[in-house]
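Structure assessment
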Amino acid sequence: EDDHAGPISGVAAHPVVTADRRRWAVVSSVSKSLGPDLRLAALAGDVATIDRVEGRLRVAQGWVSHLLQSLVVDLWTDGPTAARVARAAATYDERRQSLVGALAARDIDVTARSGLNVWIPVPAEEPVLAGLLALGWAVSGGQRFRIGSPPAIRVSIATLEPAEAVRFADDLDTVLRPASAASATV
């Protein structure tokens with residue numbers, strides 16, 4: 001399990017690993033919450049899995065700088081840093097909720113209670129991506145992020161201000177509405 005967003009996700013950690021699993025691992029990265037240059041993650045798991053990971057690290061250049069490890073521990077235990085991370089989590093939550101609310105106001109249903117992205121089901125990805133790009137929005141198609149779910153787009157809320165969320169929702173609504181339905185309402 002990869003908890004890549006950690007404390008900025010908007011929800012408390014809730015691993016899906018159960019105690020009855022023989023092999024398991026939970027990875028919690030600091031690159032989203034503390035910065036991408038801190039390429040470090042904590043790993044918890046069963047003894048055999050941890051031993052295998054440690055074995056792989058010994059064979060390859062997988063050691064992690066002790067200086068980097070100390071820096072992350074210092075940041076984890078620093079009050080001002082914790083306050084900044086909490087403020088970032090609240091900001092991302094506000095941005096996510098602004099987008100979800102703006103979409104709901106246009107009867108575009110999404111479920112997004114955590115994270116830095118909102119997953120929006122669409123009838124077909126390519127026309128929606130092209131339509132949004134023509135209106136000045138760059139979003140990701142869902143194909144590379146899904147295995148068996150239907151078409152969707154993935155919208156990052158990391159820098160999306162609440163006022164922009166309203167404009168995005170209007171533009172997405174325009175793109176999703178068939179041209180015939182739009183001209184019938186005129």
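Refer to the preceding data block for the structure.
It should be emphasised that the depicted structure is a prediction, and the values quoted were computed from it without experimental measurement. For every chain, the first residue of the written sequence is number 1, and numbering continues from 1 onward in sequence order. The model is predicted, so local features are restricted to residues of pLDDT at least 70 and side-chain atom pairs to those at 80 or more, both for listing and for counting; the totals for chains, interfaces and linings are taken over all residues. Excluded from the side-chain calculation are hydrogens and water; included are all heavy atoms of the structure.

Looking at the sheet that holds strand β6 (residues 152-156)
Applied cut-off: Note on pairing: DSSP must find at least two bridges between two strands before they are called paired. To qualify as a helix, a DSSP run of H or I must reach at least 4 residues; to qualify as a strand, a run of E must reach at least 2; elements of each kind are numbered from the N terminus. We call two residues in contact when some of their heavy atoms are within 4.5 Å. All axes here are fitted lines through C-alpha atoms, helices being fitted over the stretch that makes contact, and every angle between N-to-C directions spans 0 to 180 degrees.
Spatially, the three strands line up as an open sheet ordered β4-β6-β5, and their pairing is antiparallel. Strand pairing shows two members of the sheet lacking a second neighbour, β4 (117-121) and β5 (140-141), which therefore form its edges. Bridge analysis of β5 against β6 gives two bridges, and the strand direction is antiparallel. When the sheet's bridge partners are listed, serine 140 is paired in β6 with arginine 154. Each of β5 and β6 is contacted by helix α4 (residues 125-134), which is oriented at about 35° to β6, the strand it contacts most.

Regarding the pattern of salt bridges
A side chain with one charge may pair with a side chain of the opposite charge, provided their charged atoms come close. Quick note on the threshold: Every case where a carboxyl oxygen of Asp or Glu lies within 4 Å of a side-chain nitrogen of Lys or Arg is listed as a salt bridge. Summary of the burial criterion: residues with accessible area below 20% of their type's maximum are buried, those above 50% are exposed, and those between are partly exposed, where the area comes from a 1.4 Å probe applied to protein chains only.
This model, assessed by the stated rule, comprises seven salt bridges. Of the charged contacts in the structure, one is a salt bridge between arginine 167 and aspartate 171, with a shortest N-O distance of 3.9 Å. A residue pair is termed a helical-turn pair when its members lie 3 or 4 positions apart in one helix, as arginine 167 and aspartate 171 do in helix α5 (residues 162-176) at four residues. Overall, the relative accessible area of 15% leaves aspartate 171 in the buried class. Among the ionic pairs, arginine 177 bridges to aspartate 173, the shortest N-O distance being 3.2 Å.

Some thoughts on the packing of aromatic side chains
Put simply, the rule is: Classification of ring pairs rests on two measures: the distance between centres of Phe, Tyr or Trp rings, Trp counted by its six-membered ring, which must be within 6.5 Å, and the angle between planes, read as stacked under 30 degrees, edge-to-face over 60 and tilted in between. A ring is considered to have a charge above it if a Lys NZ or an Arg CZ atom is located within 6 Å of its centre and within 35 degrees of its normal.
Applying the stated rule across the entire model yields one aromatic pair. With a centroid separation of 5.1 Å and 90° between ring planes, the pair formed by tryptophan 137 and phenylalanine 168 is classed as edge-to-face. In this pair, tryptophan 137 is assigned in the loop between α4 and β5 and phenylalanine 168 in helix α5, connecting sequence segments 31 residues apart. We note that tryptophan 137, like phenylalanine 168, is buried. Note that arginine 154 overlies the ring of phenylalanine 145, its terminal NZ or CZ placed 4.0 Å from the centroid.

Considering the sheet that holds strand β2 (residues 25-29)
Read across the sheet, three strands follow the order β1-β2-β3 without closing on themselves; strand pairing throughout is mixed. Each edge of the sheet is formed by a strand with only one pairing partner; in this case those strands are β1 (2-3) and β3 (41-45). Bridge count for β1 against β2 is two bridges, and the pairing is parallel. Bridge pairing in β2 places aspartate 2 opposite valine 27.

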